[in-house]
Every structure is written in C-alpha cells, then in structure tokens.
Amino acid sequence: MSNWSIDGDEFKVLVNDEEQHSIWPSAQPIPAGWQQVGPVGPRQECLDWINENWTDIAPLSVRSVKH
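Residue positions are given per chain, counted from 1 along the sequence in the order it is written. Local features in a predicted model are, by the rule used here, given only for residues with pLDDT of at least 70; side-chain atom pairs are given and counted only at 80 or more, and totals for whole chains, interfaces and linings are based on all residues. The side-chain values count all of the structure's non-hydrogen atoms but skip hydrogen atoms and water molecules.

Draft legend 1. Region of interest: the nonpolar core. Here, the term nonpolar core denotes a set of buried Ala, Val, Leu, Ile, Met, Phe, Trp, Tyr and Cys residues that are joined through side-chain atoms within 4.5 Å. Residue burial is assigned from relative accessible area. The probe radius is 1.4 Å, only protein chains are included, and a residue is buried under 20% of its type maximum, exposed over 50%, and partly exposed in between. Counting residues in each nonpolar core, the largest one holds five residues, listed as Phe11, Val13, Ile23, Cys46 and Ile50. Per the convention used, a helix needs a DSSP run of H or I reaching at least four residues, while a strand needs a run of E reaching at least two, with both numbered from the N terminus. Put simply, the parts of the chain that give this core at least two residues each are strand S1 (10–16) and helix H1 (43–53). Contacts are assigned to residue pairs with any non-hydrogen atoms lying within 4.5 Å of each other. Aside from chain neighbours lying at most four places away, what touches Cys46 is Phe11, Lys12, Val13, Ile23, Pro39 and Gly41.

Right under this line is the structure:
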C-alpha cells in the first residue's frame, strides 16, 4: 500500500490544463493547477475510470500542434 493510506482508502480523479489525469487521496486538498473529474472512491475504481476516459495520453499542447 502507498504512503497515502494514512489519509484513507478513497481517492479522487484529477485533471490538469494539459488534460493529464491522476488520482489523489480524497482527504488531501487538490493541488494548484488540477481540478476534480470522475469518481471519488477506491483506488482501483479511479484507475479504471482513468483507463476508460483518458484515451490519448499526449498532453493537450502536443495534440493541438498541427503538422
């Protein structure tokens, strides 16, 4: 188990301005530059949501560059 377990077993899904996703302990404040999306729940539920919804892992700035 990660060192975050002191904050509980629930996580939240976060996204930043580059549309990159992460999980974060639900008991912790959301860091600057990130916002909450998706579920709050067990780690695996959050990871499954990210896997289903974050289909292009390239940062937004890279995806928006036209060749």
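There is more to say after this.
Draft legend 2. Structural context of the environment of Asp17. Within the secondary structure, Asp17 is located in the loop between S1 and strand S2 (21–25). For the pair Asp17 and Gln35, spaced 18 residues apart in the sequence, the C-alpha separation amounts to 8.7 Å. Discounting residues that sit within four places of it in the chain, Asp17 has contacts with Gly33 and Leu60.

Draft legend 3. Structural context of the pairing of S1. With six of its seven residues buried, S1 lies for the most part within the structure. Pairing analysis gives seven bridges linking S1 to strand S3 (residues 34–42), with the strands arranged antiparallel. The residue bridging Lys12 from the neighbouring strand is Val40, located in S3. Where S1 lies against S2, five bridges are found, and the strand directions are antiparallel. Looking at S2, one finds that Lys12 is bridged to Trp24. Strands pair, by our definition, only if DSSP identifies at least two bridges between them. As consecutive antiparallel partners, S1 and S2 are separated by four residues, and within that stretch Glu19 has a phi angle of approximately 65°, a positive value.

No statement about biological role is implied by the geometric values presented.
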